[in-house]
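# Per-entry structural report
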Amino acid sequence: MRIFLVGPLGAGKSYIIKHIQQNYPNTNVYTDPIFTNDLHLIKNPLTAQAAIEASLFLRKARFNDGIFDTSLEMAKIVFSKLSIYDKTTRDEVKSNPLFVLELEKMRRFYNALTHSLHDVFIIIDRSKEELEANIVKRGRPYEVNNPVITRLNADLADDLEKDIKAKYPENKVIRVVLEGKDVTPVVDIIKNIKGGSLK
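I will try to describe carefully the structure that is included in this document. (Residues numbered from 1 in each chain as written. Predicted model: local features only at pLDDT ≥ 70, side-chain atom pairs only at ≥ 80, totals over all residues. Heavy atoms only, no water.)

### Some remarks on the overall build of the chain
Counting its regular elements, the chain contains nine helices and five strands. Its helices and strands taken in sequence order, the chain reads β-α-β-α-β-α-α-α-β-α-α-α-β-α from the N to the C terminus. Looking at the chain residue by residue over its 199 residues, the buried ones come to 50%. Residue pairs at least 24 apart in sequence account for 80% of intrachain contacts in the chain once pairs closer than 6 positions are excluded. Carbon and sulfur atoms provide 52% of the accessible area of the chain, an area that totals close to 10,600 Å². (Helix = DSSP H or I, 4+ residues; strand = E, 2+ residues; numbered from the N terminus. Buried < 20%, exposed > 50% of the residue type's maximum accessible area, 1.4 Å probe, protein only. Contact = heavy atoms within 4.5 Å. Areas by Shrake-Rupley, 256 points an atom, 1.4 Å probe, with all protein chains shown as cover.)

In structure tokens:
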């Protein structure tokens, strides 16, 4: 069984994964690395982050069960919003055509894949104010006060819920609104899905 934590940037998906790693070390969890190297070489680090996450997710989620902090549908919507809103993409095509070619290849690969009937989606959401505060706290310079992030996060939880339910009507989709650092509601849901406990 694969459980996918999805939601806006700053919702705490990776934080939940880390909590599970620390408290249930025998549970299979997968989180994407943070892209921090050579940011000055890339005009759009946010797009780079999305591309790297896509590549690593494809390698892991295709062959492993466990708990993931992203999903195919999350990537599709994020890529779609980036392509619509991010005006720097045209500049990046000129300065780094091979990178953009790889990004487009990943988009096509994502669109060719689907989730299985047994996949479970947990949509993590928070208030707009808390999402923005969490983005500032984690301190990634390309995310703070970034209008692309603001547009990307706008209605993302709603978009995910609508998209996933439409494409996977037989799959379990659970939405949770969190406040503060308490992730117990999500951990309890995961325990229930997995038969009452985590390893």
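Having put the structure on the table, let's press on.
### Quick word on the layout of surface pockets
Size it by volume and the second largest pocket reaches roughly 300 Å³. Lining the second largest pocket are 21 residues, and of these Lys128, Leu131, Glu132, Thr150 and Asn153 sit closest to its centre. Residue assignment for the lining of the second largest pocket shows that the elements contributing at least two residues are helix H6 (128–138), helix H7 (147–153) and helix H8 (156–167). Top contributing element to the lining of the second largest pocket by residue count: H6, with five residues. Classifying every residue of the lining of the second largest pocket gives nine nonpolar, four polar and eight charged. (1 Å grid on protein atoms, 1.4 Å probe; cavity = no way out; pocket = protein on both sides within 12 Å on 5 of 7 lines; lining within 4 Å. Points joined across faces, edges and corners; volume = space filled by probe spheres on them. Nonpolar A, V, L, I, M, F, W, Y, C, P; charged D, E, K, R; others polar.)

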